[in-house]
Structures are given as structure tokens and as C-alpha cells.
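# Breakdown of the fold
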Amino acid sequence: MSDTINAWIEQQLTEHLNATVVRVGGDGYHVEVTVVSEQFDGLRAVKKQQLVYAALNEKITDGTIHALLMKTLTPAEWQAQN
């Protein structure tokens, strides 16, 4: 099941945030994501997190995703780290 949920998470984040990089780990219940999106430019960390939560709200609300650890980066931040 985690592969299905992780694929869904990747799709949602890619579509909703026009993300250029999405990495998903975890068991589908406890999830770790790294998201790189131009939509994060100029935003504070809390606003970035709110955008990720909004994209995944369906599975958070129904309890499929219990815990979410996220790393949200702009393309420039991603480039600097890699």
C-alpha cells in the first residue's frame, strides 16, 4: 500500500505545486517528502508547509497519512544543496 500512497503523494505535489523535484519516503502512513517548486519563492517556511498540506489534505483528513515530515525548497535552494 505504501507504494500506492507514495505515488499518489508524488503526483499531487507535482500537479498542485508544479514541483520540479518530488521525493517521497516512508511507509505511506509516516511520510517524508522533499519538494522543490518555484511557487515557494519568497515564501516563509509556514506558508510553504501550508501549500504542501493543502495538496495532500485528502489523505491527511481521512487518516491515510498520519505524520508528514517535509523539506520545501526553491529551485535556487535545491541547486545550492546539490
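All values derive from a computational prediction rather than experimental measurement.

## Details of the pairing of strand 2 (residues 30-36)
- Across the 7 residues of strand 2, 5 count as buried, placing the element largely inside the fold.
- Bridging between strand 1 (residues 21-26) and strand 2 involves 6 bridges; their strand directions are antiparallel. When the bridges of strand 2 are listed, Gly 25 appears paired with Glu 32.
- With antiparallel pairing between neighbouring strands as the criterion, strand 1 and strand 2 make up a hairpin whose turn holds 3 residues, including Gly 28 at a positive phi of roughly 90°.
- Direction of pairing for strand 2 relative to strand 3 (residues 67-73): parallel, over a ladder of 7 bridges. In the strand pairing of strand 3, Val 33 is matched with Met 70.
- With helix 2 (residues 45-61) bridging strand 2 and its parallel neighbour strand 3, the resulting β-α-β unit is right-handed.

## Thoughts on helix 2
- At Ala 55, helix 2 shows its largest bend, some 60°.
- Within helix 2 the residues assigned to the buried category are Lys 48, Val 52, Ala 55, Leu 56 and Lys 59.
- Buried residues along helix 2 sit in contact with helix 1 (2-17), strand 2, strand 3 and helix 3 (75-81).
- The first or second residue beyond helix 2 is Gly 63, which carries a positive phi of 85°.

## Quick notes on the sheet that holds strand 3
- Strand order in this open sheet of 3 strands is 1-2-3, and the pairing throughout is mixed. Strand pairing shows two members of the sheet lacking a second neighbour, strand 1 and strand 3, which therefore form its edges. Neighbour-to-neighbour, the strand axes of this sheet turn through a mean angle of 10°, independent of strand direction.
- Along the sheet, helix 1 contacts strand 1 and strand 2; its crossing angle with strand 1, the most-contacted strand, is approximately 155°.

## Re the nonpolar core
- Ranked by internal contacts, the top residues of the largest apolar core, which has 17 residues, are Ile 9, Leu 13, Val 33, Val 35, Val 52, Leu 56 and Leu 68.
- Elements with a contribution of two residues or more to this core: helix 1, strand 2, helix 2 and strand 3.
- Take this core: its biggest share by element is 5 residues, from helix 1.
- In contact with Leu 68, other than residues within four places in its own chain, are Val 31, Val 33, Val 52, Tyr 53, Leu 56 and Ile 60.

## A look at the side chain of Lys 59
- In this structure, Lys 59 sits in helix 2.
- Residue classification places Lys 59 among the buried residues on the basis of a relative accessible area of 17%.
- The contact partners of Lys 59, leaving out residues within four places of it in the chain, are Trp 8, Thr 64 and Ile 65.

How each quantity is defined
Here the residue numbering is sequential within each chain, running from 1 through the sequence in written order. Only residues with pLDDT of at least 70 are given local features in this predicted model, and only at 80 or more are side-chain atom pairs given and counted; all residues enter the totals for whole chains, interfaces and linings. Neither water nor hydrogens contribute to the side-chain values; these are computed over all heavy atoms in the structure. For the exposure calls, accessible area comes from a 1.4 Å probe over protein chains only, and a residue counts as buried if that area is under 20% of its type's maximum, exposed if over 50%, partly exposed in between. In this description a helix means any DSSP run of H or I spanning at least four residues, a strand means any run of E spanning at least two, and both kinds are numbered starting from the N terminus. A pair of strands counts as paired when DSSP detects no fewer than two bridges linking them. With strands facing away from the observer, any crossover in which the path from the first strand over the helix to the second runs clockwise is taken as right-handed. The angle separating two fitted axes, one through the seven residues that finish at a residue and one through the seven that start at it, defines the bend at that residue. Here a residue-residue contact requires only that any non-hydrogen atoms of the pair lie within 4.5 Å. Structural elements are reduced to axes, namely lines fitted to C-alpha atoms, with helices fitted over the stretch in contact, and the angle between N-to-C directions of any two is expressed from 0 to 180 degrees. Only buried residues count toward a nonpolar core. Its members are Ala, Val, Leu, Ile, Met, Phe, Trp, Tyr and Cys residues joined through side-chain atoms within 4.5 Å.

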